[in-house]
Amino acid sequence: MEDNQHVRVPITRRRGWHILDAPPWDPNDQRAQRRRRATGPRRRAWQILEAPIGERPAPATGSEHGPSVPDDATVNFVLDLVLRIGEVQMASGAGASDVTATILSLTSALGLPHCEVDVIFTSITVTCHRSTGMAPVTALRVVRSRGLDYTRLSATEMLVQQINRGNLSAEEAYAELDRITRAPHPYPRWVATLAWGGMAFFVTLIIGGGLDVALGALVISALVDRLGRQLNKYALPFFFQQVLGGFVATGLATLAVETGLVPTKFSTLVASAAITVLLSGLSTVSAVQDAITGYNVTAAGRTMETGLMSAGLITGVALALNAAKVLGFGQVVPELPAQTALGLPVVTAAGAAAAACFALASYSTLRSLLVAGAAGAIGAGVYGGLVFAGFDPISSSAVAATLVGFCGGVLSRRLKVTPLVVAVSGITPLLPGLSTYRGLYELATQANGNISTLMKAVAIGLALAAGVVLGEYLAQPVRSGLGRLERKLSGPRLAGPLQPSQRRLE
């Protein structure tokens, strides 16, 4: 053996090594060399957690650490945009939790840092905290007017989705929002008037009236709507409009009976249908939603508004009944209709048509009309079936409204329809117009009248609103991917985006 001859000693490879020891390396192992070139030199355990000092990038002199902070002009522009969007939602009847979630999602999508939102019944406040070294920026917007325009609400929600997906910049979104808010109603006013009359027509069929009585309800409800339209030109408060609406509807129905041209029960059914129409515009669902989700101040404001408008309606109906009694007109005791199996299809079809008419009167799109009609059919059919089976009206209303909220929560977003439109339209045919009229009749015409019947009507209204919110809550785990997301929210969602932000709404 020559002296310069190298003896190759086989290397024994170990299958494992201590975490602090370097693994054995064979210079002739081609596979290991390729892996070494691909992955770089192998480091020890503590080197995996922290790079060597020489390999760390040194920060440039004078550079700022952390994300860039937006300037005052950008913050003010974005806050004004999100406040205007929140105003549209609030004016259309969306809940405070929905408005809060929408604003937080928009501020996050448009690059603002941590923001806080405070929503009450008449105003929205947003504060943007940029950093500890800069003063926060706060903006406020007052919600001065309210109205039902579900086309505007739907268009605004489509705009919110486009912003959250990054398809629109703040400047483009502002221009689009200005176009949405300045656009006229999609239908002429006379179409909305016919829709309110059509709603009274089908509600009369639900409570047991014939075609002749339903036609009279259509005419009187249309006249009441035109009267309210004229009073709006003089900026008459809505409370007095409710007083005049209840007085005119009840008075015209009673006067028509005295002429002998219509059946005796005409006054009862027509007045009940007109009361249902006047009750349909109240924000009962939003008030209950705010109370359940913890926005108590907004819930108190909505409850006060609903109670005041209902009091105006009660005052008008009571004045008409007392005036008819003083004039010696005949009075008919209003009776709740008995539900029969043969009448159940009529109730279901009339419920679908009444819900669609309400959606049309609220300026909804064609797609929303169809979905609202389906929701009304479900609610009226379930309610009629439960009453026929022997359940009381309060329980039947709660179950029917829960099913409407559940179906609307599951299907409405897939059909690109706002759940709020489906929920409010679906329970509109079930509003306790006849129970309200009966309670007012007992208080106004009977010396020993009690308030129990009227309180029963209030209980039915609350059962409808709470049932819709419960149905939307139960629909959350059913929707694909929403079970985990909704746990981050403060409650059921009837409007706005599904994913507002990465943090919980407190």
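- The chain carries the name Threonine/serine exporter family protein in an unreviewed UniProt entry, which gives Amycolatopsis cynarae as its organism.
- The Sequence similarities (unreviewed entry) field of the UniProt record for the chain holds the comment "Belongs to the ThrE exporter (TC 2.A.79) family."
- In the Subcellular location (unreviewed entry) part of its UniProt record, the chain is described as follows: "Cell membrane".

## What about the overall build of the chain?
Working step 1: Within the chain, the regular secondary structure consists of 19 helices and three strands.
Working step 2: Split by element, the accessible area of the chain, about 25,400 Å² in all, is 61% carbon and sulfur.

## Looking at the packing of helix 8 (residues 211-233) against helix 10 (residues 266-279)
Working step 1: Two elements in contact, helix 8 and helix 10, have axes whose closest approach is 9 Å; the angle formed by their N-to-C orientations is 45 degrees. Put simply, helix 8 runs oblique to helix 10. Here helix 8 runs over helix 10; the crossing is right-handed. For the pair helix 8 and helix 10, contact is made by Val-213, Gly-216, Ala-217, Ile-220, Ser-221 and Val-224 and by Phe-266, Leu-269, Val-270, Ala-273, Ala-274, Val-277 and Leu-278, respectively.
Working step 2: Residues belonging to the contact of helix 8 with helix 10 are distributed by class as follows: eleven nonpolar, two polar and no charged.

## Some details on the pairing of strand 2 (residues 123-128)
Working step 1: Of all six residues in strand 2, six are buried, a share of seventy percent or more.
Working step 2: Side-chain alternation along strand 2 places Ser-123, Thr-125 and Thr-127 on one buried face and Ile-124, Val-126 and Cys-128 on a second face that is also buried.
Working step 3: When strand 1 (residues 115-119) meets strand 2, the two strands line up antiparallel, connected through five bridges. Of the residues in strand 2, the one forming a bridge with Asp-118 is Thr-125.
Working step 4: Hairpin connection, strand 1 to strand 2: the antiparallel pair is bridged by three residues.

## Topic: the confidence of the model for the chain
Should pLDDT be low for a region, the predicted coordinates there are not to be read in detail.
Working step 1: With 75% of its residues at a pLDDT of at least 70, the chain reaches an overall mean of 78.
Working step 2: Counting contacts from residues 1-22, a segment whose pLDDT is below 50, to residues more than four positions away or on other chains yields 13 contacts.
Working step 3: Taken together, the stretch residues 500-506 has pLDDT below 50 and engages in 21 contacts with residues farther than four places along the chain or on a different chain.

## What about the nonpolar core?
Within soluble globular proteins, side chains that are nonpolar tend to cluster in buried spots.
Working step 1: Grouped together as the largest cluster of nonpolar side chains are 55 residues, with contacts concentrated most on Met-199, Ile-220, Phe-266, Val-270, Val-317 and Leu-464.
Working step 2: Discounting chain neighbours no more than four positions away, the residues touching Leu-464 are Ser-397, Ala-401, Ile-427, Leu-430 and Leu-431.
Working step 3: In this structure, Val-82, Val-88, Leu-106 and Val-119 belong to the second largest nonpolar core, which totals 35 residues.

## Notes on unusual backbone geometry
Glycine aside, residues mostly have negative phi angles, and peptide bonds mostly take the trans form.
Working step 1: Despite not being glycine, Ala-235 shows a phi value in the positive range, around 55 degrees.
Working step 2: Position of Ala-235 relative to the elements: it lies in the loop between helix 8 and helix 9 (238-258).
Working step 3: Within the chain, Tyr-363 stands out as a residue other than glycine whose phi angle is a positive 60 degrees.
Working step 4: Here Tyr-363 is to be found in the loop between helix 13 (344-361) and helix 14 (366-388).

## Remarks on the sheet that holds strand 2
Working step 1: The antiparallel open sheet is built from three strands, whose spatial order is 1-2-3. Two strands in the sheet have a free side with no partner beyond their single neighbour: strand 1 and strand 3 (137-142). The average angle at which neighbouring strand axes cross in this sheet is 10 degrees, direction not considered.
Working step 2: Against the sheet, helix 4 (residues 96-109) makes contact with strand 1 and strand 2, and its axis sits at roughly 155 degrees relative to strand 1, the strand it touches most.

## Some points on helix 16 (residues 419-427)
Working step 1: Of all nine residues making up helix 16, nine are buried, and the element is well covered by its neighbours.
Working step 2: Within the span of helix 16, buried status applies to Pro-419, Leu-420, Val-421, Val-422, Ala-423, Val-424, Ser-425, Gly-426 and Ile-427.
Working step 3: Taken together, the buried residues of helix 16 touch helix 5 (150-164), helix 11 (284-292), helix 13, helix 14, helix 15 (393-411) and helix 18 (452-475).

## Observations concerning a nonpolar patch on the surface
Working step 1: Among the surface-exposed residues, Leu-215, Val-219, Leu-223, Leu-252 and Leu-255 lie close enough to one another that they form a single nonpolar patch of about 420 Å² accessible area.
Working step 2: When contributions to the nonpolar patch are tallied by element, the ones reaching two or more residues are helix 8 and helix 9.
Working step 3: Mapped onto the secondary structure, Leu-252 falls in helix 9.

## Concerning the packing of aromatic side chains
The geometry of an aromatic ring pair is captured by the separation of the ring centres together with the interplanar angle, meaning the angle of the planes.
Working step 1: Here the structure, examined in full by the defined rule, presents five aromatic pairs.
Working step 2: With centroids separated by 5.9 Å and ring planes inclined at 70 degrees, the aromatic side chains of Trp-196 and Phe-358 adopt a geometry described as edge-to-face. Linking Trp-196 in helix 7 (residues 189-206) with Phe-358 in helix 13, this pair joins segments that are 162 residues apart in sequence. Here Trp-196 matches Phe-358 in class, with each residue buried.
Working step 3: Taking 5.2 Å as the distance between ring centres and 85 degrees as the angle between the ring planes, the aromatic pair formed by Phe-201 and Phe-202 counts as edge-to-face.

## Side note on the state of the cysteines
Working step 1: Applying the stated criterion to the full structure yields zero disulfides.
Working step 2: No disulfide involves Cys-115; its nearest neighbouring cysteine sulfur is the one of Cys-128, lying 4.1 Å away.

## Quick word on the pattern of salt bridges
Working step 1: Inspection of the entire model under this criterion finds seven salt bridges.
Working step 2: Between Arg-141 and Glu-87 there is a salt bridge, and its shortest N-O distance comes to 2.5 Å. Taken together, the residues span a long stretch of sequence, with Arg-141 in strand 3 and Glu-87 in helix 3 (residues 72-91) at a distance of 54 residues.
Working step 3: Residue Arg-179 pairs with Glu-176 through a salt bridge whose shortest N-O separation is 2.5 Å.

## A word on the side chain of Thr-125
Working step 1: Topologically, Thr-125 is positioned in strand 2.
Working step 2: Assessed through its relative accessible area of 18%, Thr-125 is described here as buried.

Conventions adopted
- Along each chain, the written sequence defines residue order, and numbers are assigned to residues from 1.
- With pLDDT at 70 or above as the cut-off, local features in this predicted model cover only qualifying residues; side-chain atom pairs require 80 or more to be listed or tallied, and sums for whole chains, interfaces and linings still use all residues.
- The side-chain figures draw on all heavy atoms in the structure; neither hydrogens nor water molecules are used.
- UniProt positions are given in the numbering used here, feature names are shortened, and annotations may be inferred rather than shown by experiment.
- Numbering of helices and strands runs from the N terminus, with a helix taken as a DSSP run of H or I at least four residues long and a strand as a DSSP run of E at least two residues long.
- Residue burial considers only the protein chains on display, and all accessible areas are found by Shrake-Rupley using a 1.4 Å probe.
- To get an axis, a line is fitted to the C-alpha atoms, and for a helix only the part in contact is used. The angle between two axes follows their N-to-C directions and goes from 0 to 180 degrees.
- Any angle between 65 and 115 degrees counts as roughly perpendicular, while under 35 counts as roughly parallel, over 145 as roughly antiparallel, and the rest as oblique.
- With the far helix as reference, a near helix turned anticlockwise by less than a right angle produces a left-handed crossing, and one turned clockwise produces a right-handed crossing.
- Working rule for contacts: check all heavy atoms of both residues, and any pair within 4.5 Å makes them a contact.
- For this scheme, ten residues count as nonpolar: Ala, Val, Leu, Ile, Met, Phe, Trp, Tyr, Cys and Pro. Four count as charged, namely Asp, Glu, Lys and Arg, and the remainder, Gly too, count as polar.
- Partly exposed residues are those whose accessible area sits between 20% and 50% of the maximum for their type, while under 20% is buried and over 50% is exposed, using a 1.4 Å probe and protein chains only.
- Here a strand pair is declared whenever DSSP counts at least two bridges between the two strands.
- Across the chain, each position has a pLDDT score giving the predictor's confidence in that residue, from 0 to 100.
- Put simply, a nonpolar core is a bunch of buried Ala, Val, Leu, Ile, Met, Phe, Trp, Tyr and Cys residues held in one set by side-chain atoms that sit within 4.5 Å of each other.
- Grouping into patches uses exposed residues only, defined as over 30% relative accessible area, and leaves out salt-bridged ones; the cut-off is 9 Å for like charges and 5 Å for nonpolar side chains (Val, Leu, Ile, Met, Phe, Trp, Tyr).
- One side-chain nitrogen of Lys or Arg within 4 Å of one carboxyl oxygen of Asp or Glu is enough to make a salt bridge.
- Pairing of aromatic rings covers Phe, Tyr and Trp, the last counted by its six-membered ring, and requires centre-to-centre distances within 6.5 Å; plane angles under 30 degrees mean stacked, over 60 mean edge-to-face, and any other angle means tilted.
- Any two cysteine sulfur atoms within 2.5 Å of one another count as a disulfide.

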